[in-house]
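Spelled out, the chains give:
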Amino acid sequence: GAVVSQHPSWVICKSGTSVKIECRSLDFQATTMFWYRQFPKQSLMLMATSNEGSKATYEQGVEKDKFLINHASLTLSTLTVTSAHPEDSSFYICSAGTKGVHNEQFFGPGTRLTVL
Amino acid sequence: AQRVTQPEKLLSVFKGAPVELKCNYSYSGSPELFWYVQYSRQRLQLLLRHISRESIKGFTADLNKGETSFHLKKPFAQEEDSAMYYCALSGVGYSTLTFGKGTMLLVSP
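Residues numbered from 1 in each chain as written. Chains lettered and ligands numbered in written order. Predicted model: local features only at pLDDT ≥ 70, side-chain atom pairs only at ≥ 80, totals over all residues. Heavy atoms only, no water.

Student: Describe the overall build of chain B, listing the residues and the values that go with them.
Tutor: On a plain count of helices and strands, chain B comes out with zero helices and eleven strands. Secondary structure elements of chain B, listed N to C terminal, follow the sequence β-β-β-β-β-β-β-β-β-β-β. Relative to the 2.2 N^0.38 estimate, which gives 13 Å for 109 residues, the radius of gyration of chain B is 13 Å and therefore close to what a compact globule would have. For the C-alpha atoms alone, the extent of chain B along its principal axes is close to 40 × 30 × 25 Å. When contacts within chain B are restricted to residue pairs at least 6 apart in sequence, long-range pairs at least 24 apart make up 58% of them. Counting every atom, chain B has about 5800 Å² of accessible surface; 50% of that belongs to carbon and sulfur. Distance from the positive charge centre (13 side chains) to the negative charge centre (9 side chains) of chain B: 6 Å. (Helix = DSSP H or I, 4+ residues; strand = E, 2+ residues; numbered from the N terminus. Rg over C-alpha atoms; globule rule 2.2 N^0.38 Å. Contact = heavy atoms within 4.5 Å. Areas by Shrake-Rupley, 256 points an atom, 1.4 Å probe, with all protein chains shown as cover. Lys, Arg positive; Asp, Glu negative; His and termini not counted. Charge placed at Lys NZ, Arg CZ, Asp CG, Glu CD.)

Student: Please give an account of the nonpolar core that cites residues and values.
Tutor: In terms of nonpolar packing, the biggest core is built from 25 residues, with Val4(A), Trp35(A), Phe67(A), Leu79(A), Tyr92(A) and Leu113(A) touching the most fellow members. Broken down by secondary-structure element, the contributors of at least two residues to this core are strand 2 (10-13), strand 3 (19-25), strand 4 (32-38), strand 5 (44-51), strand 7 (67-73), strand 8 (76-81), strand 9 (90-97) and strand 11 (111-115) of chain A. Among all residues touching Phe67(A), those that are not within four sequence positions of it are Arg37(A), Met47(A), Tyr58(A), Val62(A), Leu79(A), Thr80(A), Val81(A), Asp88(A) and Tyr92(A). Counting residues in hydrophobic clusters, the runner-up holds 24 residues, among them Cys23(B), Leu48(B), Leu89(B) and Leu105(B). (Core = buried A, V, L, I, M, F, W, Y, C linked by side-chain atoms within 4.5 Å. Buried < 20%, exposed > 50% of the residue type's maximum accessible area, 1.4 Å probe, protein only.)

Student: Describe the interface of chain B and chain A, with residues and values.
Tutor: Listed per partner, the contact involves 20 residues of chain B and 19 residues of chain A. Between chain B and chain A, a total of about 1500 Å² is buried, with carbon and sulfur atoms accounting for 49% of that surface. Scanning the region where chain B abuts chain A turns up four residue pairs in polar contact (both at pLDDT 80 or more). For the side of chain B that touches chain A, the element with the most residues is strand 5 (residues 31-38) of chain B, which contributes four residues. (Buried area = accessible area lost by both parts, 1.4 Å probe. Polar contact = N/O pair within 3.5 Å; in protein donor to acceptor, adjacent residues only side chain to side chain.)

Student: So what about the pattern of salt bridges? Which residues, and what values?
Tutor: For the structure shown, the criterion picks out five salt bridges over all chains. Lys66(A) serves as the salt-bridge partner of Asp88(A), at 2.9 Å between the closest nitrogen and oxygen. Residue Asp88(A) is found in the loop between strand 8 and strand 9, and its partner Lys66(A) is found in the loop between strand 6 (57-58) and strand 7; the two are separated by 22 residues along the sequence. Across the pair, exposure class does not vary: Asp88(A) and Lys66(A) are buried alike. Two residues, Glu20(B) and Lys73(B), come together in a salt bridge whose shortest N-O distance is 3.7 Å. Here the residue Glu20(B) occupies a position in strand 3 (residues 19-21), and Lys73(B) occupies one in strand 8 (residues 72-74), the gap between them amounting to 53 residues. The exposure class of Lys73(B) is partly exposed, given its relative accessible area of 41%. When salt bridges that share partners are traced, they join Glu20(B), Lys22(B) and Lys73(B) into one network. (Salt bridge = Lys/Arg side-chain N within 4 Å of Asp/Glu carboxyl O.)

Student: Pulling in residues and values, what's your account of the state of the cysteines?
Tutor: All names here are of chain A. Under the criterion given, the structure shown has two disulfides over all chains. Paired through a disulfide, Cys 23 and Cys 94 show a sulfur-sulfur distance of 2.0 Å. For the disulfide bridge between Cys 23 and Cys 94, the dihedral angle about the S-S bond is near 80°, and by the sign convention the bridge is right-handed. Of this pair, Cys 23 sits in strand 3 while Cys 94 sits in strand 9, and the two are 71 residues apart along the sequence. (Disulfide = S-S within 2.5 Å.)

Student: I'd love a proper account of the packing of aromatic side chains, names of residues and values included.
Tutor: Counted by the stated rule, this structure contains ten aromatic pairs over all chains. Measuring from centroid to centroid gives 5.4 Å for Phe107(A) and Tyr36(B), while their planes differ by 80°, and the two rings are edge-to-face. Here Phe107(A), found in strand 10 (residues 105-107), pairs with Tyr36(B), found in strand 5, and the two come from separate chains. Assigned by exposure class, Phe107(A) and Tyr36(B) land together as buried. Clustering of aromatic rings is evident, with ring pairs tying together Tyr36(A), Phe107(A), Phe34(B), Tyr36(B), Tyr86(B) and Phe99(B). (Phe/Tyr/Trp six-rings, centres within 6.5 Å; stacked < 30°, edge-to-face > 60°.)

Student: Account for the side chain of Thr103(B), naming residues and giving values.
Tutor: Residues and elements named next belong to chain B. With respect to the helices and strands, the residue Thr 103 is situated in strand 11 (residues 103-108). Only 3.4 Å separates the side chain of Thr 103 from the side chain of Gln 6, close enough to count as a polar contact. Aside from chain neighbours lying at most four places away, what touches Thr 103 is Gln 6, Glu 8, Lys 9, Leu 10, Leu 11, Leu 21, Ala 83, Met 84 and Tyr 85.

Student: Could you give an account of the environment of Ser54(A), naming the residues involved and the relevant values?
Tutor: In this structure, Ser54(A) sits in the loop between strand 5 and strand 6. Ser54(A) sits 16 residues away from Asn70(A) along the chain, and the two C-alpha atoms are 8.5 Å apart.

The quantities given are spatial measurements derived from coordinates; they are silent on function.
Right, dumping it as structure tokens:
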């Protein structure tokens, strides 16, 4: 089946620094990738949708200058949390979708970000 | 606006008992409905979708457009069914998913 990886699986950083999270589709080409945020014991909140080679579409309330998304290839999307603060601490999950598999998304294992 | 409601945060049943996880949705067009499952320390994975009309791991779900519901059912729960279950919706032809808040299913021996 389709596999999506994320790196790193967890990261601790100091307040004010930037953190980059990678999302890769390992055995398929992902035309669309999604970034979610999940707070403890809560549901996934879609942050943005990115299509390869174009700008990401951000959901309402998500700061695009704070959460930079780059989808440079059909197998890689990155989320950079810029000038991270403790309130950015969360579980970030990416998913990837393909053409021909209607509306199915394959999820990565998630990245736990802790900002001190 | 589209919305998915899962009214129960937690559903606790004994092994062998029937299970029904409720999901109601709000969407103005033609929806596609999904159930995703997240087992402990594992990633989110697709359990089933309404267009497939299939049974996965004994679970079934029927889309009821009149009641705008997509409840997940299993006649006899197993301990290994314990997990977090998310109902999700997208519009036909769209790839974006809207998730419900999830229901934790606990199956006790």
